[in-house]
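Here is what each chain is made of, one letter per residue.
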Amino acid sequence: MKEYSSNDDINRHKHKPRKKLRRKARLLRRIRLFLLALLVCYCLAATMLGFGLLSNNDPVGEDKQPKILNSAVETNDTDFHADSIANEENNLDKTDAEETAWCLILVNKWNRIPDGYEVELTEFADGQCIDKRIYPALREMFDAAGSDNIYPVVASGYRTTQKQQNLMDEKIAEYQAEGYAFEEATTKAEEWVAIPGTSEHQLGLGVDINADGIHSTGKEVYEWLSQNSYKFGFIRRYPAHKTDITGVINEPWHYRYVGMEAAEDIYNQDICLEEYLNKTN
Ligand SMILES: [Zn+2]
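As a convention, each chain's residues are numbered from 1 in the sequence order in which they are written. Only residues with pLDDT of 70 or above have their local features reported here, since the model is predicted, and side-chain atom pairs are shown and tallied only from 80 upward, although totals for entire chains, interfaces and linings are computed over all residues.

In the nomenclature of an unreviewed UniProt entry, the chain corresponds to D-Ala-D-Ala carboxypeptidase from the organism Kineothrix alysoides.

Structure follows, in structure tokens:
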């Protein structure tokens, strides 16, 4: 019995771990089922939520995200456009300033042409050259004059330093022929001819304009120019009443390109280029 019971005990002892294992296995199966059920529920819920969102007709809900994105993009875009417009304006201002600087260069007996000044020339007519940048304005002015039955010609455009020197030498010789000593002849000549290195003709921005002598007289041409040249960016550079400032006697034929804005101001305020630059600088 004892044996039996002991065998029985042994058996019971033997079966105990098996039972435990079975219980554990059952528990694990339940846990697995439970987790599976949870997963299925989660998936179902997620699917239903997805369908719910998709079938939601609320336009705000539908557009919410894109709207935020759009508005963000729009805001950024607006900022970007505003910035780029501001930058463009700055650049334009800058470009304007840079673009007008060349035509506002001051050259007179006190301000020599900068060393190494370069000019790109183009022929206007009859072998007379000018800075190519002023060609369109000069052409337009001549065409407008023609429409008013005024016929000007460019008597003198660009001059090299040598050409300017030759003009000076000729003028000095003229005075010497009249009996003036060289020094006095030179002083007198300088009233008429700019000292080489100080002539606007060497810039290609100054032009002497006369009448063609056939259809118009000098008086008609000078008068038309003095009243209309500013509309094309040109100024009468040496008026009689500004001689003490410009250092040059009255020259009703000498016109200088300064750009539309400056020309209009100079004309309206009856000032010369020196006065204009003093005001704006
Ligand atoms: Zn001149």
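1. Considering unusual backbone geometry
Rules: Every helix listed is a DSSP run of H or I at least four residues long, and every strand listed is a run of E at least two residues long, numbered separately from the N terminus.
Positive phi values are uncommon outside glycine, yet Asn-149 reaches one of about 60°. Residue placement: Asn-149 occurs in the loop between helix 3 (135-147) and strand 3 (152-156). Although it is not a glycine, Asp-270 adopts a positive phi angle of roughly 50°. Structurally, the position occupied by Asp-270 is in the loop between helix 8 (260-268) and helix 9 (273-280).

2. Let's talk about helix 6 (residues 218-228)
Using the following cut-off: Field definition: a residue is buried when 20 or more other C-beta atoms are found within 10 Å of its C-beta, exposed when 12 or fewer are, and partly exposed for counts in between, with C-beta atoms placed from the backbone. Think of it as the arc spanned by the lines of direction from the helix axis to the C-beta atoms. Distance between backbone-placed C-beta atoms decides contact: two residues are in contact if it is within 7 Å.
Listing the buried residues of helix 6 in full gives Val-221, Tyr-222, Trp-224 and Leu-225. Around the axis of helix 6, the buried residues are gathered within 165° of arc, so they sit on the same side. Within helix 6, the exposed residues directed more than 90 degrees away from the buried face are Lys-219 and Gln-227. Of the surrounding secondary structure, the elements contacted by the buried residues of helix 6 are helix 3, strand 3, strand 4 (206-211), strand 5 (234-238) and strand 6 (251-257).

3. Notes on the pairing of strand 1 (residues 121-125)
Our working rule: By definition, two strands form a pair when at least two bridges between them are found by DSSP.
The pairing of strand 1 with strand 2 (residues 128-131) spans 4 bridges and is classified as antiparallel. Within strand 2, the residue paired with Ala-125 across the bridge is Gln-128. Counted along the chain from strand 1 to the antiparallel partner strand 2, the turn is 2 residues long, and its residue Asp-126 has a positive phi close to 50°.

4. Observations concerning the sheet that holds strand 3
Sheet strands pair by backbone hydrogen bonding; their relative direction is either parallel or antiparallel. In plain terms, the rule: Only the stretch in contact is used when a helix axis is fitted, and all axes are lines through C-alpha atoms; the angle between N-to-C directions ranges over 0 to 180 degrees.
Reading across from one edge, 3-4-6-5 is the order of the 4 strands in this open sheet, with antiparallel pairing throughout. Unpaired on one side and paired on the other, strand 3 and strand 5 mark the two borders of the sheet. Each neighbouring strand pair of the sheet contributes to a mean axis angle of 45°, computed without reference to strand direction.

5. Some points on the environment of Asp-148
As for its placement among the helices and strands, Asp-148 is situated in the loop between helix 3 and strand 3. In this structure the C-alpha to C-alpha distance between Asp-148 and Trp-224, which are 76 residues apart in sequence, comes to 8.9 Å.

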